[in-house]
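Here is what each chain is made of, one letter per residue.
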Amino acid sequence: MTDSPVLAIRRITLTGFRNYAALRLETPARLVALAGPNGAGKTNILEAISLLAPGRGLRGAAFEELPRQGGAPNWAIAAEVDTEAGPVAIGTGWSGQSEAGDGGGRLVVMDGVVQKSLGALAAAMRLIWLTPAQDRLFAGPASERRRFLDRLVAAFDPEHAARVGIFEKLMRERNLLLEELRPDPAWLSSLEAQMAEAAVAISAARLVGLDALKTHLDEARGESSFPWAEVSAGGEIEARLAEKPAVQVEDEYRKILGDSRGLDRAAGRTLRGPHRTDLDVQHGPRQMPAGQCSTGEQKALLIGLVLAQARAVRAGTGVAPILLLDEVAAHLDRARRRGLLEALAALGSQSWMTGTDAQLFEAIGATGAVFHVEDGQVREAVGE
């Protein structure tokens, strides 16, 4: 068991969220399993926890999709969380519209104080999640692997998501400007200079995050439960940064953008940059691209990556992150299920897992708790 400080949710309360009119769930456990039939509301609890961090949560749903069907057009989530700085009361919710009236905003309250931005959540919470939608991550489009990579980096560096958002905003502005008949060259140059600065910062953070991850992937080579992986960032800016100073790469990318205006205008998008990076993953023992592995092997690789990421975050920040593992037991045999629970216990993170059958978590041990979820009701499955 780790001696690192552990983030842990001691109580979570949902109001008007998904299929929950009202739910209060308390647990002192490090390992929390939610078992029940499909559609019972297990993933909804994990999604609510994921919204205690910046962003749209593990499903990426729009806030207007989250209120309970047939209920009020708003939702709220409150949690009592043990953090390295001590207990913190976190609340977030959506009232149906933002201050700008565009329907996009949400309220964040910490220890009774309304926060001006979501940055306070990033500072307080470190979350890592794995969902069934990621099971085909390695065989899917590069954009999905890039988002996975950026979430990985953001667990180390809370400012990373903001940098990505800034670059994407600048890129959209440049694309719109290029559509004009006679775009202002000074404005274009200014946008491209800002894009180059953001691009280098994004790519540098990715390289730092992957280096940290590789250390802990290497440590796992002797473990039998999950295969180790070889990972790298397959991107132009990352490749340049591996060989040249950041200032030089920034100048080079700014020139690339300037020289590519005609091509980008014709394509209707920016063709080169950190938004084109892919995450390359190899199955280490087999020396095979992850996308060519079986479904079960890909699942095992993903779990191995998540466990290494959690270890790397703990080593880099001194805090074990919260893990959200949705339907994590799917495609795992009994030995690997036991190996996963043992790895989670050794890591020391608070881990929330879901599955259709409580027997999937039979090896959860004394540090764990299993809850039965059905029709929006949750009860501890004592003795089941």
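See the structure printed just above.
Cut-off values and rules
Residues numbered from 1 in each chain as written. Predicted model: local features only at pLDDT ≥ 70, side-chain atom pairs only at ≥ 80, totals over all residues. Heavy atoms only, no water. Pairing = 2+ DSSP bridges. Helix = DSSP H or I, 4+ residues; strand = E, 2+ residues; numbered from the N terminus. Contact = heavy atoms within 4.5 Å. Axes fitted to C-alpha atoms, helices over the stretch in contact; angles between N-to-C directions. Salt bridge = Lys/Arg side-chain N within 4 Å of Asp/Glu carboxyl O. Buried < 20%, exposed > 50% of the residue type's maximum accessible area, 1.4 Å probe, protein only.

Chemist: Even after reading the chapter, I still don't get the sheet that holds strand S6 (residues 107–110), so can you show me in this structure?
Modeler: Backbone hydrogen bonds are what pair the strands of a sheet, in a parallel or an antiparallel way. On the basis of which strands lie adjacent, the open sheet formed by 6 strands has the order S2-S1-S4-S5-S6-S7 and antiparallel pairing. The sheet terminates laterally at strand S2 (20–26) and strand S7 (113–114), the two strands that pair on one side only. Contacts from helix H1 (residues 42–50) reach strand S1 (8–17), S2 and strand S4 (75–83), with the element oriented near 110° to S1.

Chemist: When you look at the sheet that holds strand S8 (residues 127–130) in this model, what are you seeing that I'm missing?
Modeler: Spatially, the 6 strands line up as an open sheet ordered S8-S12-S13-S3-S14-S15, and their pairing is mixed. Each edge of the sheet is formed by a strand with only one pairing partner; in this case those strands are S8 and strand S15 (377–380). Here the average twist between neighbouring strands, direction ignored, is 20°. Two elements, strand S14 (residues 368–374) and S15, share 4 bridges in a ladder whose sense is antiparallel. Note that in S15 the partner of Glu374 across the bridge is Gln377.

Chemist: Looking at this model, I keep getting lost on the pattern of salt bridges. Mind explaining?
Modeler: Applying the stated criterion across every chain yields a total of 24 salt bridges. Measuring nitrogen to oxygen at the nearest pair gives 2.8 Å for the salt bridge that ties Arg10 to Asp82. Placement of Arg10 in strand S1 and of Asp82 in strand S4 is noted, with a sequence separation of 72 residues between them. Assessed through its relative accessible area of 27%, Arg10 is described here as partly exposed. Across the salt bridge formed by Glu192 and Arg174, the nearest N and O atoms sit 3.0 Å from each other. Of this pair, Glu192 sits in helix H5 (residues 185–219) while Arg174 is found in helix H4 (residues 160–178), placing the two residues 18 residues apart along the sequence. Exposure remark for Glu192: the relative accessible area of 2% places this residue in the buried category. Residue classification places Arg174 among the buried positions, given a relative accessible area of 0%. Counted as one network, the salt bridges with shared partners bring together Glu236, Arg240, Lys244, Glu252 and Arg272.

Chemist: Looking at this model, I keep getting lost on the side chain of His283. Mind explaining?
Modeler: In this fold, His283 is placed in strand S10 (residues 278–283). His283 sits in the buried class, given a relative accessible area of 5%. Those residues in contact with His283, other than ones at most four positions away along the chain, are Pro227, Trp228, Met288, Ala290, Cys293, Glu297 and Leu301.

Chemist: Just checking my understanding: could you explain the environment of Ala343 for this structure?
Modeler: Position of Ala343 relative to the elements: it lies in helix H10 (residues 334–347). For the pair formed by Ala343 and Leu307, sequence separation is 36 residues and the distance between their alpha carbons is 7.8 Å.

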